[in-house]
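Topology and contacts: notes
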Amino acid sequence: MKIEFKEEQKFTQWWLWLILIGIGILPIFGIYKQLILGEKLGNKTLSDLGLIIFCVFIFGLIAMFWVMRLKTEIDQNEIRMNFFPFVKKRVNWNEIKNIEIVNYGFVGGWGIRFSTKYGTVYNTKGNEGLAIELLNGKKFLIGTQKKAELNEIVENKVSWKYRV
């Protein structure tokens, strides 16, 4: 099928990366001070192994933000969403009860947010998205930075169902 809409988003906020890099400096400083210089970081320090585990955890967290992607694709048959590396969804147009572009405001942050009035929210930034309610009552929302283009696709969705 020909893809009618495609969007890929990632975490590009400068302030987020400033925080993550700032947090990433902590274990580097600790390793330098404790393992290379042989000095303890105060009275209550981590063991060398604890410091290495902390370093791996912090850099794993930074790497996770680096690889996270929210991909959305829409064609005549379905909507596909992949919030790599966590969630993949495929929804056929026939399974959808209601669909609309909404301004969902602030839902407590970005990433994956559960139990909002839109169901599960998948977003990386902003406050606009594609709210989907399925025939089985489940709801979810996919964030977008391409509101106008996505709105055009949603408005044409009814005619897609009847194409031969």
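Right above here is the structure, for reference.
No experiment lies behind these values; they were computed from the predicted model shown.

The strand order across the open sheet built from 5 strands is E5-E8-E9-E7-E6, with neighbouring strands paired in mixed fashion. Taken across any chain shown, the strands that pair with only one partner, and hence form the sheet edges, are strand E5 (96–103) and strand E6 (111–116). On average, adjacent strands in this sheet sit at an angle of 20° to one another, irrespective of strand direction. Relative to strand E9 (residues 139–143), strand E8 (residues 128–134) is paired through 5 bridges, and the arrangement is antiparallel. From the neighbouring strand, Glu133 faces E9, where its bridge partner is Lys139.

A few words now on the sheet that holds strand E2 (residues 69–74). Sheets are built from strands paired through backbone hydrogen bonds, the pairs being either parallel or antiparallel. What the 4 strands build is an open sheet, ordered E1-E2-E3-E4; its pairing is antiparallel. The two strands at the open ends of the sheet, each matched to only one other strand, are strand E1 (5–9) and strand E4 (87–92). Taken over all neighbouring pairs, the strand axes of this sheet differ in orientation by 5° on average, direction set aside.

Quick look at the packing of aromatic side chains now. According to the stated counting rule, one finds 5 aromatic pairs in the structure shown. Aromatic side chains Phe11 and Phe65 sit 5.3 Å apart centroid to centroid with 70° between the ring planes, which places their arrangement in the edge-to-face category. Placement of Phe11 in the loop between E1 and helix H1 (14–36) and of Phe65 in helix H2 (residues 48–67) is noted, with a sequence separation of 54 residues between them. Judged by centre distance (6.5 Å) and plane angle (75°), the ring pair of Phe83 and Phe86 falls under edge-to-face. One Lys or Arg, Lys89, reaches over the ring of Phe140 and ends 4.9 Å from the middle of that ring.

The next thing to look at is the environment of Met68. Relative to the helices and strands, Met68 is located in the loop between H2 and E2. Its relative accessible area of 5% is what places Met68 among the buried residues. C-alpha separation for the pair Met68 and Ile58, spaced 10 residues apart in sequence, amounts to 16 Å. Excluding anything up to four places from it in sequence, Met68 contacts Gln9, Lys10, Phe11, Phe83, Phe84, Pro85 and Phe86.

Note that the residue after Phe84, namely Pro85, is joined by a cis bond; omega there is 10°. Considering the arrangement of structural elements, one finds Pro85 in the loop between strand E3 (78–84) and E4.

Another point: the pattern of salt bridges. Any two side chains of opposite charge can pair, on the condition that their charged atoms come close. Considering all chains together, one arrives at 8 salt bridges under this definition. In this structure, the salt-bridge partner of Glu133 is Lys97, at a minimum N-O distance of 3.8 Å. Pair noted here: Glu133 is in strand E8 and Lys97 is in strand E5, with a separation of 36 residues, a long-range link. For Glu133, a relative accessible area of 21% corresponds to the partly exposed category. With relative accessibility at 55%, the residue Lys97 sits in the exposed group. Of the charged contacts, one joins Lys147 and Glu128 as a salt bridge, the two residues approaching to 3.4 Å between their closest N and O atoms.

Conventions we followed
- Residues numbered from 1 in each chain as written.
- Predicted model: local features only at pLDDT ≥ 70, side-chain atom pairs only at ≥ 80, totals over all residues.
- Heavy atoms only, no water.
- Pairing = 2+ DSSP bridges.
- Helix = DSSP H or I, 4+ residues; strand = E, 2+ residues; numbered from the N terminus.
- Axes fitted to C-alpha atoms, helices over the stretch in contact; angles between N-to-C directions.
- Phe/Tyr/Trp six-rings, centres within 6.5 Å; stacked < 30°, edge-to-face > 60°.
- Lys NZ or Arg CZ within 6 Å of the ring centre and 35° of its normal.
- Buried < 20%, exposed > 50% of the residue type's maximum accessible area, 1.4 Å probe, protein only.
- Contact = heavy atoms within 4.5 Å.
- Salt bridge = Lys/Arg side-chain N within 4 Å of Asp/Glu carboxyl O.

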